[in-house]
Every structure is written in C-alpha cells, then in structure tokens.
Amino acid sequence: MKRIILLFMLVGLAATPAIAVDDAGGEVQADTPNLLENSYLDDYEDTREEFYTIEEINDPLEPVNRVLFQFNDRLYFWVLKPVKTGYSYVLPAELRESLGNFFNNLSAPIRLINNLLQGRFRDAGVVLSRFVINSTAGVYGLADVALQEYNLEPRLADFGQTLGFYGIGEGLYIVWPLLGPSNIRHSVGLVGDRLVSPVSYMDMTSDQSVLYYGVNRINNLSLNPGVYEEIKKFSLDPYVAARQSFFDFRRNVVKRAGNQETDF
Amino acid sequence: MVCLRTITAVLAVFFLFQVPAVSAEVESPTAQLKPTLQQLVDILADPSLEGKDNKKKRRDLIMSTISKRFDFREMSKRVLGPTWRDISEQERQTFTTQMTKLLENNYIGQLENYSGETVEYVGERVKDDRAQVSTLIENKGNKYPVHYIMNMDSDKWMVYDINIEGVSLIRNYRAEFKSILRRQSFDGLIQTLREKNASFEQGG
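Trainee: Explain the overall build of chain B here, please?
Mentor: Broken down by element type, chain B carries eight helices and five strands. Going through the 204 residues of chain B one by one, you find that 49% of them count as buried. When contacts within chain B are restricted to residue pairs at least 6 apart in sequence, those whose partners lie at least 24 apart make up 51%. Total accessible area on chain B stands at roughly 9,900 Å², and carbon and sulfur atoms take up 55% of it.

See the structure below:
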C-alpha cells in the first residue's frame, strides 16, 4: 500500500533508452500489462455494458470499516505523523535507509518461500543471493550491496500474492485497526507471512515486539512519506479512494505473479 | 507554354498528394509525450522559478504545459461514467471545470514532490486511436511502473488516464463519485467538488 504512493511521481526523464515500439499494432511486450483491454478505458461511445458498470468491491462491512478507517485516520494524524516527524528529525536519512534495508533483509524468508511456492525458482535464487550478500558484505543487511554492486534487484513475493496466483478469491474488504486496508485473502497472507518470518521466532518480550514492529512501521513511514496524506488530500471520499487503491494495487501484484516466468 | 502549364499541373497534383501523405505520418504517442514530460522536468528544475514568490508563475507554466497534452474533458467524462449521458451540456461544462481544477491540483501537488527521479520509456501499445505509453520511474533503487493512457484527437495523442502500479487515476475517482452519487444528487457532487477545490486555495 505504501508503495503505491509515489502516486504520480510521473515525471523525470534523463534516461531514455531505446523504446521497444511495436508498430504491428498492440501485440508483443509481455513485460508491460495491456491496460487498453480495461473496459473503463474503452471508447466512450462503446455500448458494451461493462463500461457502465464499474466492478463493485465486496464490502458488506462498510459501516464498521468506515469507523475503523476513521480510527486509523486519527491514529495517523495524532500519533504516527508526529512521531514520524520527530523520528526523521533526530535520525539522518542515511541511517533510516540503512534501518529500512535491515528490516527488509530480515523478511527475506517470506519472499524466498513465496517465490518458491509460485514456481519462480530463478527469482527465489535471487532472493537467496541478495540475503547472503547483504547479510555478510552488507553488514547484517544494513546496506543493499547486492543491488549496488551486483545489480540484483529485489524480487518481491508474499503469501497473499501466492494465494491469488493459485486462484483463491479476494474475499470481502476489511479495514484492520493499525494495519489498514485488507481483504480476507490478504489477511490470511499476512498471517502466513508472519509464520515464516524469523522475527516471530526470536525470543522477544511483548514490549520488545511492539518496539520492533513500531520502529519498523515508523521507519517505513519516514522513508515513504505522505502516502496516506496524498490520498486524503485529493479525494472526495478518502475511504472509497483507499479501498479502490488497495484492491487495484493488490490485483496488480497478483497479476504480476501470473505474468512472471515460472520455471516449472 | 503548354509544356510549362503541364509541368505546373503535374507539380500541383504531386504536391496535393504529397501533403496528405506527409501529414498522415503522425508521431508516435511516446514521441509526443516525451517532450511534454521533459518540459515539466525543466520547469521543476529551473532555479529562477523556485521559492514562494514564483509559486504562482511556476504553477501557471506547469498548467499550460499539461493542458497541451492532457485531455481534461475526456477524463471528466470517464470519471463520471454513465451519469455523463444523463446531464445537460451546461452541467457537463460545470463538472469539467471543477474536475479539471481537482486534477490540476492533484497532478501539480505530485509534481512538486519531484526529487530527481528518472524515467525510462519501456514500451508502447497502439490500438486504433488509443495508446498506452509505459514508463518506469526509478527512485533510490525502487522502480515504479507508470502507464499513460492516451487517445488520438486530430493527430494529437492526449493523455486521459495515468496508471501507477495498477492504480488508475480515473477508475479511482470514478469509484468515489459513484459512491457519492448514491448518497447525493449531481448538484451535491458539484458542491462537494467546489468545496474540495476551495480547500486547495486556502491551504496553498
């Protein structure tokens, strides 16, 4: 969800490598999704019924969800944001980035297992290499040496994505207090990911766990600022905007898993 | 004399056929989008436009650049979906004016967060008079796919949707408006839009 938000960092240029243009008229390019197939982007004159009926998101809990959304909103503006601001003020950006790398490195087992479950063995290999390189040369994962020196890019995968990859439905929309937007499949995914995360098996008191996840969260927020604020600022109904963004973002994550080359 | 006239006629015919043949050679969507994005980057990087005093001037410049490549009426139409059919031309114009303001504020707000990200053009699809230009924005080692959806308006490719990591600008607003229109009238929606836009003027 947080990653969505570079929402519209649309600009920038500079690097303009050769464009793979396909003049045959719309085929080819397996690596870019074909969005032109989406009915809401069709010609307006199109009389197809789908154009006029936007897909409904299954949200029977809407009244409860709205209350929880409001709770998370307050939590964000009254607690998380002030804490984040102080945190960013005290810790320099380089240090926060290193910490981000550290947390990220610790969750490598999640990505490894899910890449394997999706049959993406090559990606799983990359995850493993990244973990080994960053844990050693990167000093406990504080530096992303694998990316900087070996150009090994992250290979994201999570259990919610794996479930979607095998055709499990999303289920209804849920807003969790503290965690935010989710759905049944995504929630099961979060639990599954927690089970394979080494952090869950560390001998921590509940205070230490709260501290660990709290710092992780605040650190993450400090590195990707303003996501929620942007959504709130530019929507007429932030609840609907966040819900739609969540579903579209997750559907895209699942679709990407389906498009990946599996090595079965 | 006759000979000269014949040559002139032949030349005239030649040019007559030549002219449309040349103008049919429309530039690709990517070739048309690139300079616009480049201009925006230049404006954002221009030191003479920095600071509070120049904010308005910079916004105006960004706006005039965007409006040459973004079709706000098309966006408004699609954001509203089926309701667009049911309203009068005057209501359509009112809606488009307000929607344009909201999209402007949204887009400019995002642009002002710009901090030197690079854009890679990774692909292009053309299907009849619609096109998709796919880019990859890179920021601190993270890559974000951003797709521009365009349609052809008399030889010009105009953007009518932006899709970032699966999240579509118009689909998102459309879901919101649909939910609002279930609870309010069209006039109520316009009023909500006006209030939203007024909040940007106060907050800057």
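Trainee: I keep staring at the pairing of strand β4 (residues 156-164) of chain B and nothing clicks. Help me out?
Mentor: Within a regular strand, side chains alternate between the sheet's two faces. Residue and element names in this part refer to chain B. Most of β4 sits inside the fold, with eight of its nine residues counted as buried. With eight bridges joining them, strand β3 (residues 142-153) and β4 adopt antiparallel strand pairing. Each bridged residue has a counterpart across the sheet, and for Tyr148 the counterpart in β4 is Ile162. Linking β3 to β4, which pair antiparallel, is a turn of two residues; within it Ser154 sits at a positive phi near 35°. The loop that links β4 with its antiparallel partner strand β5 (residues 167-168) comprises two residues; one of these, Glu165, has a positive phi angle of about 45°.

Trainee: Help me understand unusual backbone geometry in this model?
Mentor: Note: most residues except glycine have negative phi, and most peptide bonds are trans. All names here are of chain B. Although it is not a glycine, Asp128 sits at a positive phi angle of roughly 50°. Turning to its location among the elements, Asp128 is positioned in the loop between β1 (118-127) and β2 (130-139). In this structure Asp128 comes out as exposed when scored by relative accessible area, which is 68%. The residue Glu165 is not glycine, and still its phi comes out positive at about 45°. For Glu165, the position within the fold is in the loop between β4 and β5. Of the residues examined, Glu165 reaches a relative accessible area of 0% and is grouped as buried.

Trainee: Looking at this structure, I do not really get empty space enclosed by the protein. What am I missing?
Mentor: In this approach, a probe sized like a water molecule rolls over the atoms, and the result shows the empty space that is left. All names here are of chain A. Overall, the coordinates contain six cavities of 30 Å³ or more when judged by the stated rule. Taken as a whole, the second largest cavity spans an internal volume of roughly 130 Å³. Forming the boundary of the second largest cavity are 13 residues, of which Asn104, Asn105, Arg111, Arg130 and Asn134 lie nearest the centre. Of all the secondary-structure elements, those providing two or more residues to the lining of the second largest cavity are α3 (93-106), α4 (108-117) and α5 (121-136). With four residues, α5 is the single largest residue contributor to the lining of the second largest cavity.

Trainee: I would appreciate a short explanation of a nonpolar patch on the surface in the present structure.
Mentor: On the surface, Phe71(A), Trp176(A), Leu178(A), Leu179(A) and Leu190(A) cluster together into a nonpolar patch covering about 490 Å² of accessible area. Residue placement: Trp176(A) occurs in strand β1 (residues 173-176).

Trainee: Could you clarify how one ought to interpret the sheet that holds β4(B) in this entry?
Mentor: Residues and elements named next belong to chain B. Read across the open sheet, the five strands follow the order β1-β2-β3-β4-β5; overall the sheet is antiparallel. This sheet does not close on itself; its edge strands, each paired only once, are β1 and β5. Contacts from helix α2 (residues 29-45) reach β1, β2, β3 and β4 within the one sheet, and its direction differs from that of β1 by about 145°.

Trainee: It is not clear to me how the packing of aromatic side chains should be interpreted in this structure. Could you clarify?
Mentor: All names here are of chain A. Using the criterion set out here, one finds 19 aromatic pairs over all chains in the structure. Aromatic pair Phe69 and Tyr228: ring centres 6.0 Å apart, planes at 70°, arrangement edge-to-face. Of this pair, Phe69 sits in helix α2 (residues 62-90) while Tyr228 sits in helix α10 (residues 227-234), and the two are 159 residues apart along the sequence. For Tyr228, a relative accessible area of 18% gives the class buried.

Trainee: How should I be thinking about the packing of α2(A) against helix α11 (residues 238-259) of chain A in this particular structure?
Mentor: For any two helices packed against each other, one specifies the inter-axial angle together with the distance between the axes. Residue and element names in this part refer to chain A. At a minimum axis separation of 11 Å, α2 and α11 run at an interaxial angle of 100°. Taken together, α2 and α11 sit at an angle that is classed as roughly perpendicular. Where α2 abuts α11, its residues Glu62, Asn65, Arg66 and Phe69 lie against Pro238, Tyr239, Val240, Ala242 and Arg243. Class assignment of the residues belonging to the contact of α2 with α11 gives a composition of five nonpolar, one polar and three charged.

Trainee: It is not clear to me how the nonpolar core should be interpreted in this structure. Could you clarify?
Mentor: Generally speaking, a soluble globular protein has its nonpolar side chains buried in company with each other. In terms of nonpolar packing, the biggest core is built from 51 residues, with Ile66(B), Phe95(B), Tyr173(B) and Phe177(B) touching the most fellow members. Top contributing element to this core by residue count: helix α6 (residues 89-111) of chain B, with seven residues. The contacts of Phe177(B), once residues within four sequence positions are left out, are Leu236(A), Val79(B), Leu80(B), Phe95(B), Met99(B), Leu189(B) and Leu193(B). In this structure, Tyr173(A), Val175(A), Ile218(A) and Tyr239(A) belong to the second largest nonpolar core, which totals 18 residues.

Rules of the game
Residues numbered from 1 in each chain as written. Chains lettered and ligands numbered in written order. Predicted model: local features only at pLDDT ≥ 70, side-chain atom pairs only at ≥ 80, totals over all residues. Heavy atoms only, no water. Helix = DSSP H or I, 4+ residues; strand = E, 2+ residues; numbered from the N terminus. Buried < 20%, exposed > 50% of the residue type's maximum accessible area, 1.4 Å probe, protein only. Contact = heavy atoms within 4.5 Å. Areas by Shrake-Rupley, 256 points an atom, 1.4 Å probe, with all protein chains shown as cover. Pairing = 2+ DSSP bridges. 1 Å grid on protein atoms, 1.4 Å probe; cavity = no way out; pocket = protein on both sides within 12 Å on 5 of 7 lines; lining within 4 Å. Points joined across faces, edges and corners; volume = space filled by probe spheres on them. Patch = residues over 30% accessible without salt bridge, like charges linked within 9 Å, V, L, I, M, F, W, Y side chains within 5 Å. Salt bridge = Lys/Arg side-chain N within 4 Å of Asp/Glu carboxyl O. Axes fitted to C-alpha atoms, helices over the stretch in contact; angles between N-to-C directions. Phe/Tyr/Trp six-rings, centres within 6.5 Å; stacked < 30°, edge-to-face > 60°. Parallel < 35°, antiparallel > 145°, perpendicular 65-115°, else oblique. Nonpolar A, V, L, I, M, F, W, Y, C, P; charged D, E, K, R; others polar. Core = buried A, V, L, I, M, F, W, Y, C linked by side-chain atoms within 4.5 Å.

Any link to function would need more than the numbers given here.
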